Amino acid sequence: METFAIRSLDFTYPNMKKKALDNIDLCINEGEFVVICGKSGCGKSTLMRHLKTVLTPFGERSGEIYFKGVNLDYVDDRTQSSQIGYVLQSPENQIVTDKVWHELAFGLESLGYDNKTIRLRVAEMASFFGIQTWFMKNVTELSGGQKQLLNLASIMTMQPSVLILDEPTSQLDPIAASEFLKTIKKINDELGTTIIISEHDLEEVFPMADRVIVMNEGKVIIDDEPRNVGSKVKKLNPDMFEAMPTPVKIASLLDSDKSPITVKEGRKFIDNIYCDYKPKFVRIEDSRDEEDKKFNKNELAVKMKDVWFKYEKDGKDIVKDLSFEVKKGEFFCLVGGNGTGKSTTVSLISGINKPYRGKIELFGKKITGYKNKELFNHNLGILPQDPQSLFVKKTVREDLMEILSGRGIKKAERIEKVEKISKLIEIEDLLEHHPYDLSGGEQQRAALAKVLLLEPQLLILDEPTKGLDAGFKIKFAEILEQLLKREVTIIMVSHDIEFCASFAHKCALFFDGNIVTTNTPNKFFSGNNFYTTVANRMTRQVFENAITCEDVIRLCKANEKQMQATLA
């Protein structure tokens, strides 16, 4: 039976000529696990929001959507609330009560269930999701992963027949994201719940899917089984191929007709290549070693010495005796689990919070010696975890103009700067949109444009790649590279370890309020078992320190060339 049937769906946002959805025809069957992917702004979130009436965006629409054979427009709110579950990108945006147990019960209370039924369902879901140990906690005490799990459990208490998830792991650390997706798969397998999920990071979710739907410019361009999607994307939309899982990319770039989609299959693929001979080249040269020596000569951009911080006087310490240094012109990445103190640390560097002990210096001057106007005038720029917090105007253009006001810049020059940054960040088509109408990735790009207009010497980025498609991540890395050439210092908090492995100068692992290790990406990730890249997990039995697709391809081709020379 069809859970959703979408017929000739078109949708256009107000004051826009280009369609956000263009002639969408889809059937999603009961019990299916469907992944929707595509570039930022391709229509994924817009399509998914049309599957629940209360979330449908305002604009001009034609076509029909059926839920279990009934036109969705005629399905009452109570049925939609209980039967169609929807998990948003941000864990914070969906929690409405102060206690975990109350959040679990809230949906059932709103639907008017009796206390006996509520207690039974809450107990059942708390047990299913392993929430018993933090059942009585305040929601403010939870990590990002726990909050997203709570959102999911709260929806599942209502026993929905379909679960829609819009990039639910974008703010979770890799281990928490993996556990969350395994829970989604368990719900699909054991409860028969239909799953519709959109993701940019396809490494974990791709092999779980029954179907993968690829969208581009508001249209469905591919709808097939995961194993067939990689080759089709490479032919139809090469720009999108970068988003494919690492095993798919490596096999394709080695011109293989095999299509591994999991780490296990990828490991077997590599083993089969070297089953008849031992590879000569097993190590990649760490190109960051020489850069590290160069940075050692640079002056310090940031210095933290013996820093302690807690949010409440009688509360627990969040940052504990933290000391580290970042050189001028260095790209320094902070990685680690949710709730370990990474974002709190960057709030201390930016002066938003103040430590109760320890010393923080920016460019050789104590941070307490800066006035706010001086600090944010070409010295410091911050892209927060929630980009919406930067938007204060009705259009993206007005927002970008606003950041330049009061700086003694003529209007013609301000307009020129906005046009230039819009072209660089690829948001020219979004300038007349309301910032809140943009997708998560588009909001991230607009917020980045606003911060870069400050022309800071120290750029602090808190989860800047969340919501960005694979294609724009490469563009984003090029932008950062241009800034680094101008000796701009970049500190980035991120769960995107693949990005950090490819582009950072240094990576540091945060744990329990302190940094436990710092090293170049190659040494950092090749030395880890769990907190490492897919390429490293897939090839470590053959190669000693390959951490990116490029590393694996380079070693494979070097060994192939050596083998051919030997045979000749």
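Residues numbered from 1 in each chain as written. Predicted model: local features only at pLDDT ≥ 70, side-chain atom pairs only at ≥ 80, totals over all residues. Heavy atoms only, no water.

Caption draft 1: A look at the sheet that holds strand E14 (residues 357–362). With antiparallel pairing, the four strands of this open sheet are ordered in space as E12-E11-E14-E15. Looking along the sheet, the strands with just one partner apiece sit at the ends: strand E12 (319–327) and strand E15 (365–366). The pairing of strand E11 (residues 300–309) with E12 spans six bridges and is classified as antiparallel. From the neighbouring strand, Phe-309 faces E12, where its bridge partner is Val-319. Against the sheet, helix H11 (residues 342–349) touches E11, E12 and E14, its axis set at about 115 degrees to E11. (Pairing = 2+ DSSP bridges. Helix = DSSP H or I, 4+ residues; strand = E, 2+ residues; numbered from the N terminus. Contact = heavy atoms within 4.5 Å. Axes fitted to C-alpha atoms, helices over the stretch in contact; angles between N-to-C directions.)

Caption draft 2: Representation of the domain arrangement of the protein chain within the structure. Split into domains, the protein chain comes out as domain 1 (2–237), domain 2 (245–286 + 520–567), domain 3 (292–379 + 457–497) and domain 4 (394–455). The distance between the C-alpha centroids of domain 1 and domain 3 comes to 34 Å. With 14 residues of domain 1 in contact, the opposing surface of domain 3 contributes nine residues. Carbon and sulfur atoms make up 55% of the area that domain 1 and domain 3 hide from each other, which totals about 880 Å². Three residues stand out in domain 1 for area buried against domain 3, namely Gln-171, Asp-173 and Pro-174, and they jointly supply 41% of the buried area on that side. On the surface where domain 1 and domain 3 come into contact, there are zero salt bridges. At the junction of domain 1 and domain 3, the tally comes to one residue pair in polar contact (both at pLDDT 80 or more). Elements that contribute at least two residues to the side of domain 1 that touches domain 3 include exactly helix H5 (144–156) and helix H6 (174–191). Across the side of domain 1 that touches domain 3, the residue classes break down as three nonpolar, eight polar and three charged. (Domains from an automatic or database assignment. Buried area = accessible area lost by both parts, 1.4 Å probe. Salt bridge = Lys/Arg side-chain N within 4 Å of Asp/Glu carboxyl O. Polar contact = N/O pair within 3.5 Å; in protein donor to acceptor, adjacent residues only side chain to side chain. Nonpolar A, V, L, I, M, F, W, Y, C, P; charged D, E, K, R; others polar.)

Caption draft 3: Here's a closer look at a positive patch on the surface. The grouping of Lys-264, Arg-267, Lys-268 and Arg-540 at the surface amounts to a positive patch. Of note, Arg-267 is situated in helix H9 (residues 263–273). (Patch = residues over 30% accessible without salt bridge, like charges linked within 9 Å, V, L, I, M, F, W, Y side chains within 5 Å. Areas by Shrake-Rupley, 256 points an atom, 1.4 Å probe, with all protein chains shown as cover. Lys, Arg positive; Asp, Glu negative; His and termini not counted. Charge placed at Lys NZ, Arg CZ, Asp CG, Glu CD.)

Caption draft 4: Representation of the environment of Phe-241. Mapped onto the fold, Phe-241 is located in the loop between helix H7 (226–236) and helix H8 (246–253). C-alpha separation for the pair Phe-241 and Gly-471, spaced 230 residues apart in sequence, amounts to 8.7 Å. Those residues in contact with Phe-241 that lie beyond four places of it in its chain are Gly-230, Val-233, Lys-234, Val-248, Lys-249 and Ser-252.

Caption draft 5: Local environment of the packing of H5 against H6. Where H5 contacts H6, the axes come no closer than 10 Å and their chain directions differ by 15 degrees. Put simply, H5 runs roughly parallel to H6. For the pair H5 and H6, the sense of crossing is right-handed. Contacts from Gly-145, Gln-148, Leu-149, Leu-152 and Met-156 of H5 reach H6 at Ala-176, Phe-180, Thr-183, Ile-184, Ile-187 and Leu-191. Per-class residue counts for the contact of H5 with H6 are eight nonpolar, three polar and no charged. (Parallel < 35°, antiparallel > 145°, perpendicular 65-115°, else oblique. Left-handed = near helix turned anticlockwise from the far one by under 90°.)

Caption draft 6: Local environment of the nonpolar core. One finds Phe-33, Phe-129, Leu-152, Leu-163 and Met-244 to be the most contacted residues of the largest nonpolar core, which totals 53 residues. A total of six residues in this core trace back to one element, the largest contributor, which is H5. In this structure Leu-152 touches Val-87, Phe-129, Leu-163, Phe-180, Thr-183, Ile-184 and Ile-187, once residues within four positions along its chain are discounted. Leu-400, Ile-427, Leu-484 and Phe-524 belong to the second largest nonpolar core, which has 50 residues in total. (Core = buried A, V, L, I, M, F, W, Y, C linked by side-chain atoms within 4.5 Å. Buried < 20%, exposed > 50% of the residue type's maximum accessible area, 1.4 Å probe, protein only.)

Caption draft 7: Summary view of the side chain of Lys-52. Within the fold, Lys-52 resides in the loop between helix H1 (44–49) and strand E4 (60–67). No salt bridge is formed by the buried Lys-52. Its closest oppositely charged neighbour is Asp-77, at 9.1 Å. Separated by 2.6 Å, the side chain of Lys-52 and the backbone oxygen of Ile-84 make a polar contact. If we ignore the near neighbours within four places in the chain, the residues touching Lys-52 are Leu-72, Gln-80, Ser-81, Ile-84 and Tyr-86.

Caption draft 8: Molecular detail of the packing of aromatic side chains. Summed over the entire model, instances satisfying the criterion amount to ten aromatic pairs. Judged by centre distance (4.9 Å) and plane angle (85 degrees), the rings of Phe-11 and Tyr-13 are edge-to-face. Comparing Phe-11 with Tyr-13, the two get one shared label, buried. Seen in terms of ring centroids, Phe-524 and Phe-525 are 4.9 Å apart; in terms of plane orientation they differ by 85 degrees. Their pairing is edge-to-face. Overall, the relative accessible area of 0% leaves Phe-525 in the buried class. One aromatic cluster is present, formed by Tyr-274, Tyr-277 and Phe-543 through successive ring pairs. For Lys-186, the ring lying beneath its charged end belongs to Phe-128, and the centroid distance is 4.5 Å. Directly above the ring of Trp-308 sits Arg-357, whose terminal nitrogen or CZ lies 5.2 Å from the centroid. (Phe/Tyr/Trp six-rings, centres within 6.5 Å; stacked < 30°, edge-to-face > 60°. Lys NZ or Arg CZ within 6 Å of the ring centre and 35° of its normal.)

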